Amino acid sequence: MTDKRSLQYVDPIREPRHLDAPRRDVRGWVLLAATMLLPGSVQSVFRARRARIPLVITLVTWLVILGAIIIVLIRRQFLFTVATNPFVLVFVLLLLVVAGVNWVVCLFDTIRRVRVHTLSPRVRTRFLAAAAVAVLVVTGGTAYGSIMVNSQRGLMSDLFAGGLGERPVDGRYNILLLGSDAGKGREGIRPDSITLVSVDAKSGAAVMIGLPRNMQNVPFDDDSPLASHYPNGFDCGDECLLNAVYQQGEEHADEYPDDVTPGVEAMKEAVGGVTGLEVQYHAMIDLQGFEDLIDAMGGITVVSEKRVPISSAIDPSTGQHGPVKGWIEPGEQHLDGYHALWFARSREFASDYERMTRQRCVQDAMVRQLDPATLLLRFQDIAKAAPEVVTTDIPQVQVDRFVDLALQTRSAGTTSLNLTPPEVNPTHPDFVEVQQLVSDTIETSSQDAEAAAPQSAGSVSLWAAPAGGEATDAGDGEGSDPDAESICSVP
């Protein structure tokens, strides 16, 4: 039978007193490395009290991570589900905190069991430095990761709606993007930028349909409450423009369900009447508030081909801007939120169609330049600003699907169609021709997506139209907005 003295020699890990200095040094590094790779393993070797708990936590964590990787390899959308579903994010947050705390506790316990005083003087200093770095990395990583995950969970909960999602209509998701001009000195909301995004639910091929805010006589869906008030379309005169429909919805709020925003629903119904498409969702950007979002991103870069004026404040008595107090000069410009807002909305010396192009330029720049590095470094500011800038009725349960579609769109391509002159006369539009133009464009987009090679890249994502030359028109294959590049572009 082995006595205690012999046990000290056959088990040097638990009892290093009879080891020489080099072996004690090696033992210390081995124990530290084991804890870094598999927290709880050292405690199990030492048969510490309740040693199985930290090891079980570690094994469960690794099993969850491995299982998630396997599922992602089989079905990419699962990754987006993890990143966007608030309930899954709560589980991830709890797992991260428990695993991180377990790791730190195991590190401190391992350092104690190494018996640092038994290490050689030279190795002792290095070991303590390495141990301190390990503790700081694990502690800091756990804290930063927890903050990021919690911010993401808050962003998903604050920004997106609850409830169940809707199925695609005729194989497509149709999402209305509105840029509102609500702000100081303005009463009510008047959408300043109106774009319908129609996305093929299978291929991701997208059609961006730009509608001018001054389009007149717009029809409403048959089941719209406003259809009974305007059976021949919104035809009450020159003031009855497409962007005035929002206020009509608010004025007839009692005729809409309680769980919707009447103005938004009215805009959906009007855009649906114009294009012949059923609009399922919307996203509205507050053009006044997006200053904070662009500042949170660190600004955007655009190439302006024209001087864009920055006017003085609006004179309440005339409703007109005061004299020009500055300019955004031609050429490549890096714009902060204030200047980006002026670039998107400046009216003087420009037509509505030019403003539409500049607004799309800004949207495009925001999407293209929100790269992973920017997102990681500025995520807290972006997450804080986004709910104040964007409102949407897209439900949380479908966000992962739309993120996946956005990536598919990059490969399938984006077609841009503007319902503006010369194709469409906004003052006296022929909506039968408009709907046929929309239908032809969608059909061409779908055919092109099927014929395109998988490696051919499209333009951007669901949230922004191309700035110019990448857009195509269903009618003749030429750019639907040939003057876009002469106004602005995104480098």
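The structure this text deals with has already been given above.
Since we're looking at a predicted model, the values are computed, not measured.

Parameters at a glance
- Residues numbered from 1 in each chain as written.
- Predicted model: local features only at pLDDT ≥ 70, side-chain atom pairs only at ≥ 80, totals over all residues.
- Heavy atoms only, no water.
- Core = buried A, V, L, I, M, F, W, Y, C linked by side-chain atoms within 4.5 Å.
- Buried < 20%, exposed > 50% of the residue type's maximum accessible area, 1.4 Å probe, protein only.
- Helix = DSSP H or I, 4+ residues; strand = E, 2+ residues; numbered from the N terminus.
- Expected span 1.5 Å × (residues − 1).
- Arc of directions from axis to C-beta.
- Contact = heavy atoms within 4.5 Å.
- Axes fitted to C-alpha atoms, helices over the stretch in contact; angles between N-to-C directions.
- Parallel < 35°, antiparallel > 145°, perpendicular 65-115°, else oblique.
- Nonpolar A, V, L, I, M, F, W, Y, C, P; charged D, E, K, R; others polar.
- Pairing = 2+ DSSP bridges.

(A) Broad picture of the nonpolar core. In this structure, I300, F343, V362 and M366 are the most contacted members of the largest nonpolar core, which totals 45 residues. Counting residues per element, this core draws most heavily on helix α12 (residues 337-345), at five residues. L196, V207, A227 and L417 belong to the second-largest nonpolar core, a separate cluster that totals 36 residues.

(B) Here's a closer look at helix α16 (residues 431-451). Here α16 contains 21 residues, and its C-alpha end-to-end distance of 30 Å stays within 8% of the 30 Å for a straight helix at 1.5 Å per residue. Within the span of α16, buried status applies to F431, V434, L437, V438, T441, I442, S445, S446 and A449. Taken down its axis, α16 places every buried residue within 165° of arc, on the same side. Facing away from the buried side of α16 by over 90 degrees, the exposed positions are V432, E433, E450 and A451. Elements in contact with the buried residues of α16: β1 (172-180), β2 (191-200), β3 (206-211), α10 (262-275), α15 (396-412) and β12 (414-418).

(C) Main features of the packing of α10 against α16. Interhelical geometry of α10 versus α16 gives an angle of 85° and a closest axis separation of 7 Å. As summarised for this structure, α10 and α16 are arranged roughly perpendicular, according to the angle between their axes. On the side of α10, the interface is formed by G273, V274 and T275, while α16 contributes F431, V434, Q435 and V438. Here the residues of the contact of α10 with α16 are counted per class, giving four nonpolar, three polar and no charged.

(D) Representation of the pairing of strand β6 (residues 308-311). The alternating pattern of β6 places V308 and I310 and P309 and S311 on opposite faces, both of which are buried. As paired elements, β6 and strand β9 (residues 324-328) share four bridges and run antiparallel to each other. Directly across from P309, in β9, lies its bridge partner W327.

(E) Layout of the sheet that holds strand β5 (residues 300-304). Spatial strand order, β10-β5-β13: three strands in an open sheet with antiparallel pairing. With one partner strand each, in any of the chains shown, β10 (331-335) and β13 (488-489) form the two edges of the open sheet. Bridge analysis of β5 against β13 gives two bridges, and the strand direction is antiparallel. Within β13, the position partnered with S304 by the bridge is C488. Along the sheet face, α12 touches β5, β10 and β13 and points at about 125° away from the line of β10.

(F) Representation of the environment of T118 in the model. Its place among the elements puts T118 in the loop between α6 (86-114) and α7 (121-159). For T118, a relative accessible area of 19% puts it in the buried group. C-alpha of T118 to C-alpha of D25: the two residues are 93 residues apart in sequence and 8.3 Å apart in space.

(G) Here's a closer look at the sheet that holds strand β11 (residues 390-392). Spatially, β11-β4-β1-β2-β3-β12 is the arrangement adopted by the six strands of the open sheet, whose pairing is mixed. At either end of the open sheet lies a strand with only one pairing partner, and these are β11 and β12. Looking at each pair of strands side by side, their axes are set apart by 20° on average, direction ignored. The pairing of strand β4 (residues 281-286) with β11 spans three bridges and is antiparallel. Within β11, the position partnered with I285 by the bridge is V390. Running over the sheet, α15 touches β1, β2, β3, β4 and β12 and is turned about 95° from β1.

(H) How the structure looks around unusual backbone geometry. Backbone torsion omega between P421 and P422 reads 5°, so that peptide bond is classified as cis. Residue placement: P422 occurs in the loop between β12 and α16. Phi at R115 takes a positive value of approximately 60°, unusual for a residue other than glycine. Within the fold, R115 resides in the loop between α6 and α7. Positive phi values are uncommon outside glycine, yet N217 reaches one of about 60°. Inspection of the secondary structure assignment puts N217 in the loop between β3 and α8 (225-229). Using a relative accessible area of 27% as the deciding quantity, one classes N217 as partly exposed.

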